[in-house]
Amino acid sequence: LGPLAPPAEGAGEGTAVRWLGIQARAEAELGPQLRRATKSGGVVPAFALDEEFRFETPAQRATFARAIRDLFRAVVSKYTTRPSSGDSEAKGRSYRLVVGSYPLPEPRR
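Rules used throughout
- Residues numbered from 1 in each chain as written.
- Predicted model: local features only at pLDDT ≥ 70, side-chain atom pairs only at ≥ 80, totals over all residues.
- Heavy atoms only, no water.
- Patch = residues over 30% accessible without salt bridge, like charges linked within 9 Å, V, L, I, M, F, W, Y side chains within 5 Å.
- Areas by Shrake-Rupley, 256 points an atom, 1.4 Å probe, with all protein chains shown as cover.
- Salt bridge = Lys/Arg side-chain N within 4 Å of Asp/Glu carboxyl O.
- Helix = DSSP H or I, 4+ residues; strand = E, 2+ residues; numbered from the N terminus.
- Buried < 20%, exposed > 50% of the residue type's maximum accessible area, 1.4 Å probe, protein only.
- Expected span 1.5 Å × (residues − 1).
- Bend = angle between axes of the 7 residues up to and from the residue.
- Contact = heavy atoms within 4.5 Å.
- Phe/Tyr/Trp six-rings, centres within 6.5 Å; stacked < 30°, edge-to-face > 60°.

Colleague: Hey, could you go over a nonpolar patch on the surface for me, with residue numbers and the actual values?
Modeller: Nonpolar side chains collect at one region of the surface, where Phe47, Leu49, Phe53, Phe64, Ile68, Leu97 and Val99 lie side by side and expose about 710 Å² of accessible area between them. Relative to the helices and strands, Ile68 is located in helix α2 (residues 58–79). With relative accessibility at 30%, the residue Ile68 sits in the partly exposed group.

Colleague: Summarise helix α1 (residues 16–40); cite the residues concerned and give the values.
Modeller: Helix length check: α1 (25 residues) gives 36 Å between terminal C-alpha atoms against 36 Å at 1.5 Å per residue, within 8%. Maximum bend of α1: about 25°, positioned at Leu30, with proline Pro32 one to four residues after it.

Colleague: I'd like to hear about the environment of Gly92, residue by residue, with values.
Modeller: Mapping Gly92 onto the fold places it in the segment after α2. Judged by its relative accessible area of 75%, Gly92 is exposed. Between the C-alpha atoms of Gly92 and Thr81, which are 11 residues apart in sequence, the distance is 9.1 Å.

Colleague: Tell me about the environment of Pro45, and name the residues and values.
Modeller: When you line up the elements, Pro45 lands in the loop between α1 and α2. C-alpha separation for the pair Pro45 and Leu34, spaced 11 residues apart in sequence, amounts to 9.8 Å. What Pro45 contacts, discounting residues up to four positions off in sequence, is Arg93 and Tyr95.

Colleague: So what's going on with the packing of aromatic side chains? Which residues, and what values?
Modeller: Following the criterion strictly, the structure yields 4 aromatic pairs and no others. Centroid distance Phe53 to Phe55: 5.3 Å. Interplanar angle 75°. Geometry classified as edge-to-face. You can call Phe55 partly exposed: its relative accessible area is 26%. Taken together, the aromatic side chains of Phe53, Phe55 and Phe64 make up a single cluster linked through ring pairs.

Listed below in structure tokens is the structure:
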């Protein structure tokens, strides 16, 4: 992915480059699965959330980002099993959860 490759965990969380890198990785991971599923008549189990909102101040945006990050980590920790590398006996299927936001383009005048 070159310059869009996701940096190390936690690095650049507030950057557009990080967000685009995560999206590129999702496309690279989901694309082949979707093509295989389409050929075999199956589906890829996934879900997406989409919400539009507004921040009035940079402080409000920063507080929101911290709260979402903490909630995200708490929910993942509470409801899932952390995959361990090299664990060939692990039960279930691994998933990736992505949460992000970006400013909407300004309306054209």
